[in-house]
Amino acid sequence: MKIFVTGGAGFIGSHLVRRLLKEGNEVAVLDNLSTGSLDNIADVLENPALSFTEGDVCDKELTLKLSSGCQQMYHLAAAVGVKLIIDRPIHTIKTNIYGSEVMLETAQEHGAKLLIASTSEVYGKTEKVPFCEEDDTIYGSTTHPRWAYACSKAVDEFLSLAYYRQTGLKVLVARFFNTIGPGQTGRYGMVVPRFIDSALKNEPITVYGSGKQSRCFGAVWDVIRAADMLMTSDDSFGEVYNIGNDKPITIMQLAERIIELTGSKSEIVLVPYEKAYGKDFDDMMVRQPSLEKVSGKTGFKPEYSLDMILREMIEYQQRKNEHFFENAL
Ligand code: UDP
(Lines give C-alpha, C1' and ligand atoms only; values in the text may rest on other atoms or scores of the structure.)
Protein backbone atom coordinates (compact mmCIF):
# COMPACT_ATOMS: atom_id res chain seq x y z
CA MET A 1 0.00 0.00 0.00
CA LYS A 2 1.16 3.57 -0.62
CA ILE A 3 0.95 5.79 2.47
CA PHE A 4 1.51 9.53 2.85
CA VAL A 5 2.97 10.91 6.09
CA THR A 6 3.31 14.63 6.84
CA GLY A 7 5.78 15.38 9.62
CA GLY A 8 7.52 12.07 8.87
CA ALA A 9 10.92 13.46 9.85
CA GLY A 10 9.65 14.46 13.28
CA PHE A 11 10.01 12.40 16.42
CA ILE A 12 6.71 10.45 16.30
CA GLY A 13 6.55 10.58 12.48
CA SER A 14 9.96 8.97 12.00
CA HIS A 15 9.03 6.02 14.22
CA LEU A 16 5.76 5.65 12.31
CA VAL A 17 7.55 5.74 8.95
CA ARG A 18 9.90 2.97 10.09
CA ARG A 19 6.96 0.84 11.20
CA LEU A 20 5.06 1.35 7.93
CA LEU A 21 8.15 0.48 5.88
CA LYS A 22 8.72 -2.66 7.96
CA GLU A 23 5.13 -3.69 7.22
CA GLY A 24 6.05 -3.58 3.52
CA ASN A 25 4.36 -0.32 2.54
CA GLU A 26 5.57 2.36 0.19
CA VAL A 27 5.83 5.62 2.15
CA ALA A 28 5.91 9.23 0.90
CA VAL A 29 7.04 11.76 3.50
CA LEU A 30 6.50 15.51 3.42
CA ASP A 31 8.25 17.54 6.11
CA ASN A 32 9.44 21.14 6.20
CA LEU A 33 12.22 20.20 8.65
CA SER A 34 11.28 23.07 10.95
CA THR A 35 11.36 20.90 14.06
CA GLY A 36 11.95 17.55 12.34
CA SER A 37 15.33 16.44 11.06
CA LEU A 38 16.70 14.11 8.38
CA ASP A 39 18.81 12.52 11.15
CA ASN A 40 15.58 11.02 12.48
CA ILE A 41 15.12 8.97 9.30
CA ALA A 42 18.78 8.66 8.24
CA ASP A 43 18.65 4.85 8.57
CA VAL A 44 15.79 4.52 6.04
CA LEU A 45 16.53 7.39 3.64
CA GLU A 46 18.15 5.01 1.13
CA ASN A 47 15.22 2.58 1.28
CA PRO A 48 13.66 2.56 -2.23
CA ALA A 49 10.18 2.25 -0.68
CA LEU A 50 10.63 5.67 0.94
CA SER A 51 10.42 9.01 -0.82
CA PHE A 52 11.20 12.16 1.12
CA THR A 53 10.29 15.71 0.11
CA GLU A 54 11.20 18.85 2.01
CA GLY A 55 8.22 21.17 1.82
CA ASP A 56 5.21 22.59 3.56
CA VAL A 57 1.85 20.87 3.92
CA CYS A 58 0.26 24.29 3.45
CA ASP A 59 1.48 24.11 -0.18
CA LYS A 60 -1.65 22.43 -1.52
CA GLU A 61 -0.38 21.73 -5.01
CA LEU A 62 2.69 19.95 -3.69
CA THR A 63 0.70 18.00 -1.10
CA LEU A 64 -1.81 16.85 -3.73
CA LYS A 65 0.95 15.74 -6.08
CA LEU A 66 3.05 13.86 -3.55
CA SER A 67 0.10 12.00 -2.06
CA SER A 68 -1.32 10.91 -5.38
CA GLY A 69 -2.13 7.17 -5.32
CA CYS A 70 -2.02 6.94 -1.52
CA GLN A 71 -4.75 4.99 0.26
CA GLN A 72 -3.81 6.14 3.74
CA MET A 73 -2.58 9.50 5.04
CA TYR A 74 -1.20 10.46 8.43
CA HIS A 75 -1.16 14.17 9.16
CA LEU A 76 1.45 14.62 11.89
CA ALA A 77 3.01 17.88 10.69
CA ALA A 78 2.26 20.54 13.28
CA ALA A 79 3.94 23.17 15.36
CA VAL A 80 4.67 21.30 18.60
CA GLY A 81 6.08 21.96 22.04
CA VAL A 82 4.96 24.58 24.55
CA LYS A 83 8.12 26.64 24.05
CA LEU A 84 7.63 26.98 20.30
CA ILE A 85 3.99 27.85 20.76
CA ILE A 86 4.78 30.76 23.01
CA ASP A 87 7.64 31.97 20.80
CA ARG A 88 5.86 31.70 17.43
CA PRO A 89 2.08 31.99 17.85
CA ILE A 90 1.27 33.16 14.29
CA HIS A 91 3.15 30.26 12.75
CA THR A 92 1.48 27.81 15.16
CA ILE A 93 -2.07 28.88 14.46
CA LYS A 94 -1.62 29.06 10.69
CA THR A 95 0.28 25.80 10.29
CA ASN A 96 -2.12 23.85 12.43
CA ILE A 97 -5.36 25.08 10.96
CA TYR A 98 -4.49 25.59 7.30
CA GLY A 99 -2.29 22.46 7.13
CA SER A 100 -5.15 20.27 8.34
CA GLU A 101 -7.58 21.87 5.92
CA VAL A 102 -5.24 21.08 3.02
CA MET A 103 -4.94 17.47 4.18
CA LEU A 104 -8.69 17.03 4.54
CA GLU A 105 -9.25 18.31 1.02
CA THR A 106 -6.39 16.22 -0.33
CA ALA A 107 -7.69 13.02 1.29
CA GLN A 108 -11.11 13.72 -0.14
CA GLU A 109 -9.75 14.26 -3.61
CA HIS A 110 -7.76 11.00 -3.52
CA GLY A 111 -10.47 9.00 -1.69
CA ALA A 112 -7.91 8.15 1.01
CA LYS A 113 -8.32 7.41 4.73
CA LEU A 114 -6.88 10.11 6.97
CA LEU A 115 -5.57 10.28 10.54
CA ILE A 116 -5.32 13.79 11.94
CA ALA A 117 -2.94 14.06 14.90
CA SER A 118 -4.30 16.10 17.76
CA THR A 119 -3.11 16.55 21.31
CA SER A 120 -4.06 16.22 24.96
CA GLU A 121 -3.70 20.03 25.07
CA VAL A 122 -7.23 20.02 23.60
CA TYR A 123 -8.52 19.11 27.08
CA GLY A 124 -7.44 22.58 28.20
CA LYS A 125 -7.74 23.21 31.91
CA THR A 126 -9.91 20.16 32.58
CA GLU A 127 -8.95 18.62 35.93
CA LYS A 128 -11.39 15.70 36.07
CA VAL A 129 -9.28 12.63 35.36
CA PRO A 130 -9.08 10.44 33.42
CA PHE A 131 -9.82 12.60 30.37
CA CYS A 132 -12.54 11.11 28.17
CA GLU A 133 -13.00 12.04 24.53
CA GLU A 134 -16.56 13.30 25.02
CA ASP A 135 -15.74 15.51 28.06
CA ASP A 136 -16.26 19.27 27.84
CA THR A 137 -13.14 21.41 27.63
CA ILE A 138 -12.16 24.70 29.31
CA TYR A 139 -9.61 27.04 27.74
CA GLY A 140 -7.88 30.13 29.05
CA SER A 141 -8.29 33.61 27.65
CA THR A 142 -7.26 34.44 24.08
CA THR A 143 -4.87 36.96 25.66
CA HIS A 144 -2.75 34.02 26.90
CA PRO A 145 -0.69 32.83 23.92
CA ARG A 146 -0.30 29.32 25.39
CA TRP A 147 -3.95 28.53 24.51
CA ALA A 148 -3.38 29.23 20.82
CA TYR A 149 -2.11 25.70 20.37
CA ALA A 150 -5.02 23.97 22.12
CA CYS A 151 -7.59 26.07 20.28
CA SER A 152 -5.97 25.60 16.87
CA LYS A 153 -5.99 21.83 17.35
CA ALA A 154 -9.60 21.98 18.59
CA VAL A 155 -10.54 23.73 15.35
CA ASP A 156 -8.76 20.92 13.45
CA GLU A 157 -10.90 18.41 15.29
CA PHE A 158 -14.14 20.29 14.55
CA LEU A 159 -13.16 20.55 10.91
CA SER A 160 -12.23 16.86 10.63
CA LEU A 161 -15.52 15.72 12.16
CA ALA A 162 -17.38 18.17 9.92
CA TYR A 163 -15.78 16.60 6.82
CA TYR A 164 -16.78 13.15 8.07
CA ARG A 165 -20.39 14.20 8.70
CA GLN A 166 -20.87 16.32 5.64
CA THR A 167 -18.85 14.44 3.01
CA GLY A 168 -18.37 10.93 4.45
CA LEU A 169 -14.57 11.30 4.37
CA LYS A 170 -12.90 8.47 6.31
CA VAL A 171 -11.07 10.66 8.81
CA LEU A 172 -10.28 10.03 12.48
CA VAL A 173 -8.64 12.18 15.15
CA ALA A 174 -5.90 10.80 17.41
CA ARG A 175 -5.28 12.84 20.57
CA PHE A 176 -1.68 12.09 21.45
CA PHE A 177 -0.76 12.37 25.13
CA ASN A 178 2.84 12.91 26.29
CA THR A 179 4.84 10.63 24.03
CA ILE A 180 8.47 9.72 24.66
CA GLY A 181 11.16 7.58 23.09
CA PRO A 182 14.60 7.47 21.49
CA GLY A 183 15.27 10.33 19.09
CA GLN A 184 13.15 12.87 20.98
CA THR A 185 14.86 16.19 21.54
CA GLY A 186 14.56 18.39 24.61
CA ARG A 187 15.12 21.47 22.45
CA TYR A 188 11.42 22.34 22.34
CA GLY A 189 10.85 21.90 26.06
CA MET A 190 9.90 18.21 26.36
CA VAL A 191 10.64 17.18 29.90
CA VAL A 192 11.94 13.59 29.61
CA PRO A 193 14.79 14.12 27.10
CA ARG A 194 15.75 17.30 29.00
CA PHE A 195 16.00 15.46 32.31
CA ILE A 196 17.94 12.56 30.76
CA ASP A 197 20.37 14.93 29.10
CA SER A 198 20.99 16.85 32.34
CA ALA A 199 21.29 13.63 34.36
CA LEU A 200 23.88 12.14 32.00
CA LYS A 201 25.93 15.34 32.26
CA ASN A 202 25.50 15.49 36.06
CA GLU A 203 24.00 18.95 35.60
CA PRO A 204 21.08 20.30 37.69
CA ILE A 205 17.66 18.94 36.77
CA THR A 206 15.18 21.81 36.49
CA VAL A 207 11.71 20.96 37.81
CA TYR A 208 9.24 23.73 36.97
CA GLY A 209 6.65 24.82 39.52
CA SER A 210 6.18 22.56 42.56
CA GLY A 211 6.95 19.30 40.75
CA LYS A 212 3.58 17.98 41.97
CA GLN A 213 2.05 18.21 38.49
CA SER A 214 1.67 14.81 36.90
CA ARG A 215 1.80 13.33 33.41
CA CYS A 216 1.35 9.91 31.80
CA PHE A 217 4.19 9.11 29.42
CA GLY A 218 3.46 6.81 26.50
CA ALA A 219 6.22 4.95 24.67
CA VAL A 220 6.38 6.04 21.04
CA TRP A 221 6.23 2.42 19.85
CA ASP A 222 2.93 1.90 21.70
CA VAL A 223 1.58 5.17 20.38
CA ILE A 224 2.29 4.46 16.70
CA ARG A 225 0.97 0.92 17.06
CA ALA A 226 -2.32 2.36 18.36
CA ALA A 227 -2.45 4.83 15.46
CA ASP A 228 -1.81 2.05 12.94
CA MET A 229 -4.49 -0.15 14.58
CA LEU A 230 -7.05 2.66 14.37
CA MET A 231 -6.23 3.37 10.75
CA THR A 232 -6.62 -0.27 9.74
CA SER A 233 -9.80 -0.90 11.72
CA ASP A 234 -12.80 -0.40 9.46
CA ASP A 235 -15.26 1.30 11.81
CA SER A 236 -12.95 3.74 13.62
CA PHE A 237 -13.63 6.79 11.43
CA GLY A 238 -15.56 9.93 12.35
CA GLU A 239 -14.36 9.66 15.95
CA VAL A 240 -11.77 11.09 18.34
CA TYR A 241 -9.43 8.79 20.31
CA ASN A 242 -6.99 9.30 23.18
CA ILE A 243 -3.66 7.60 22.52
CA GLY A 244 -0.91 7.12 25.09
CA ASN A 245 -0.32 5.50 28.45
CA ASP A 246 -2.62 5.95 31.44
CA LYS A 247 -0.16 5.54 34.37
CA PRO A 248 0.57 8.94 36.00
CA ILE A 249 3.81 10.08 37.64
CA THR A 250 4.62 13.48 39.16
CA ILE A 251 7.41 15.50 37.55
CA MET A 252 9.38 15.37 40.84
CA GLN A 253 9.12 11.56 40.92
CA LEU A 254 10.17 11.50 37.26
CA ALA A 255 13.31 13.53 38.06
CA GLU A 256 14.14 11.20 40.95
CA ARG A 257 13.60 8.08 38.83
CA ILE A 258 15.84 9.36 36.02
CA ILE A 259 18.58 10.16 38.56
CA GLU A 260 18.27 6.60 39.92
CA LEU A 261 18.31 4.92 36.51
CA THR A 262 21.32 6.91 35.29
CA GLY A 263 23.22 6.81 38.60
CA SER A 264 23.59 10.57 38.17
CA LYS A 265 24.98 13.05 40.66
CA SER A 266 22.59 15.76 39.45
CA GLU A 267 20.67 17.79 41.99
CA ILE A 268 17.02 18.71 41.53
CA VAL A 269 16.34 22.45 41.33
CA LEU A 270 12.84 23.97 41.52
CA VAL A 271 12.34 26.73 38.93
CA PRO A 272 9.28 29.07 39.11
CA TYR A 273 7.06 28.88 36.00
CA GLU A 274 7.55 32.56 35.33
CA LYS A 275 11.28 32.03 34.93
CA ALA A 276 10.79 29.00 32.71
CA TYR A 277 8.01 30.20 30.40
CA GLY A 278 7.48 33.90 31.14
CA LYS A 279 4.44 35.64 32.56
CA ASP A 280 0.90 34.19 32.55
CA PHE A 281 1.80 30.56 32.05
CA ASP A 282 -0.91 28.05 32.99
CA ASP A 283 0.49 24.59 33.56
CA MET A 284 -1.74 21.55 33.67
CA MET A 285 -1.60 19.90 37.10
CA VAL A 286 -2.88 16.56 35.81
CA ARG A 287 -3.07 14.96 32.41
CA GLN A 288 -4.31 11.40 32.22
CA PRO A 289 -6.16 9.74 29.36
CA SER A 290 -8.92 7.22 29.51
CA LEU A 291 -7.88 4.54 27.00
CA GLU A 292 -11.25 2.81 27.05
CA LYS A 293 -12.35 4.05 23.66
CA VAL A 294 -9.21 3.06 21.72
CA SER A 295 -9.01 -0.27 23.57
CA GLY A 296 -12.66 -0.98 22.89
CA LYS A 297 -12.24 -0.28 19.18
CA THR A 298 -8.89 -1.99 18.54
CA GLY A 299 -7.92 -4.05 21.60
CA PHE A 300 -4.92 -1.74 22.11
CA LYS A 301 -3.07 -1.89 25.43
CA PRO A 302 0.28 -0.21 26.18
CA GLU A 303 3.14 -2.74 26.28
CA TYR A 304 5.93 -0.50 27.59
CA SER A 305 6.17 0.54 31.25
CA LEU A 306 7.74 3.93 32.02
CA ASP A 307 10.94 2.26 33.26
CA MET A 308 11.26 0.21 30.06
CA ILE A 309 11.07 3.23 27.78
CA LEU A 310 13.25 5.39 30.06
CA ARG A 311 15.97 2.71 29.91
CA GLU A 312 15.77 2.66 26.09
CA MET A 313 16.05 6.45 25.96
CA ILE A 314 18.97 6.59 28.40
CA GLU A 315 20.87 3.93 26.44
CA TYR A 316 20.17 5.75 23.16
CA GLN A 317 21.38 9.07 24.58
CA GLN A 318 24.52 7.46 26.05
CA ARG A 319 25.39 5.92 22.66
CA LYS A 320 24.80 9.28 20.99
CA ASN A 321 27.01 11.09 23.49
CA GLU A 322 29.81 8.52 23.06
CA HIS A 323 29.59 8.85 19.29
CA PHE A 324 29.74 12.64 19.56
CA PHE A 325 32.73 12.37 21.89
CA GLU A 326 34.58 9.95 19.58
CA ASN A 327 34.03 12.25 16.59
CA ALA A 328 35.27 15.23 18.55
CA LEU A 329 38.59 13.51 19.37
N1 UDP B 1 8.94 20.56 32.88
C2 UDP B 1 9.89 20.68 33.87
N3 UDP B 1 11.19 20.91 33.51
C4 UDP B 1 11.59 20.99 32.20
C5 UDP B 1 10.62 20.87 31.18
C6 UDP B 1 9.29 20.64 31.57
O7 UDP B 1 9.57 20.58 35.06
O8 UDP B 1 12.79 21.20 31.96
C9 UDP B 1 7.53 20.30 33.27
C10 UDP B 1 6.48 21.17 32.58
O11 UDP B 1 6.30 22.39 33.26
C12 UDP B 1 5.25 20.28 32.66
C13 UDP B 1 5.84 18.87 32.53
O14 UDP B 1 7.21 18.98 32.86
O15 UDP B 1 4.62 20.39 33.90
C16 UDP B 1 5.71 18.29 31.12
O17 UDP B 1 6.23 19.22 30.19
P18 UDP B 1 6.32 18.95 28.64
O19 UDP B 1 6.65 20.25 27.98
O20 UDP B 1 7.22 17.79 28.38
O21 UDP B 1 4.85 18.46 28.24
P22 UDP B 1 3.39 19.12 28.47
O23 UDP B 1 3.51 20.31 29.36
O24 UDP B 1 2.95 19.47 27.10
O25 UDP B 1 2.59 18.03 29.08
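Given the structure is predicted, the values throughout are model-derived calculations rather than measurements.

Attention now goes to the site of the ligand. Around the ligand sit 17 residues, and of these Thr206, Tyr208, Arg215, Asp283 and Arg287 come closest. Contact between the ligand and Arg194: an oxygen atom at 2.8 Å from a side-chain N or O atom of the residue. A distance of 3.0 Å separates an oxygen atom of the ligand from a polar atom in the side chain of Gln213. Burial of the ligand by the protein chains amounts to 94% of its free accessible area of 520 Å². Breaking the shell around the ligand down by element, the ones donating at least two residues are helix H6 (191-200), strand E8 (205-208) and helix H9 (273-277). Each residue belonging to the shell around the ligand can be placed in one class, and the counts come to nine nonpolar, four polar and four charged.

Inspection of the entire model under this criterion finds six aromatic pairs. An angle of 45° between the planes, with centres 5.3 Å apart, marks the rings of Trp221 and Tyr304 as tilted. Of the two residues, Trp221 is situated in helix H7 (residues 220-232) and Tyr304 in the loop between helix H10 (292-298) and helix H11 (306-328); the sequence distance between them amounts to 83 residues. By relative accessible area, which is 23% here, Tyr304 ends up partly exposed. Across the ring face of Trp147, the terminal group of Arg146 is positioned such that the distance to the ring centre comes to 5.1 Å.

For the rest of this paragraph, the subject is the confidence of the model for the chain. For the chain, the mean per-residue pLDDT works out to 94, and 98% of the residues sit at or above 70. Per the prediction output, this complex has pTM 0.95; the corresponding ipTM is 0.98.

Cut-offs and rules
Residues numbered from 1 in each chain as written. Predicted model: local features only at pLDDT ≥ 70, side-chain atom pairs only at ≥ 80, totals over all residues. Heavy atoms only, no water. Near = heavy atom within 4 Å. Polar contact = N/O pair within 3.5 Å; in protein donor to acceptor, adjacent residues only side chain to side chain. Areas by Shrake-Rupley, 256 points an atom, 1.4 Å probe, with all protein chains shown as cover. Helix = DSSP H or I, 4+ residues; strand = E, 2+ residues; numbered from the N terminus. Nonpolar A, V, L, I, M, F, W, Y, C, P; charged D, E, K, R; others polar. Phe/Tyr/Trp six-rings, centres within 6.5 Å; stacked < 30°, edge-to-face > 60°. Buried < 20%, exposed > 50% of the residue type's maximum accessible area, 1.4 Å probe, protein only. Lys NZ or Arg CZ within 6 Å of the ring centre and 35° of its normal. pLDDT = per-residue confidence, 0-100.

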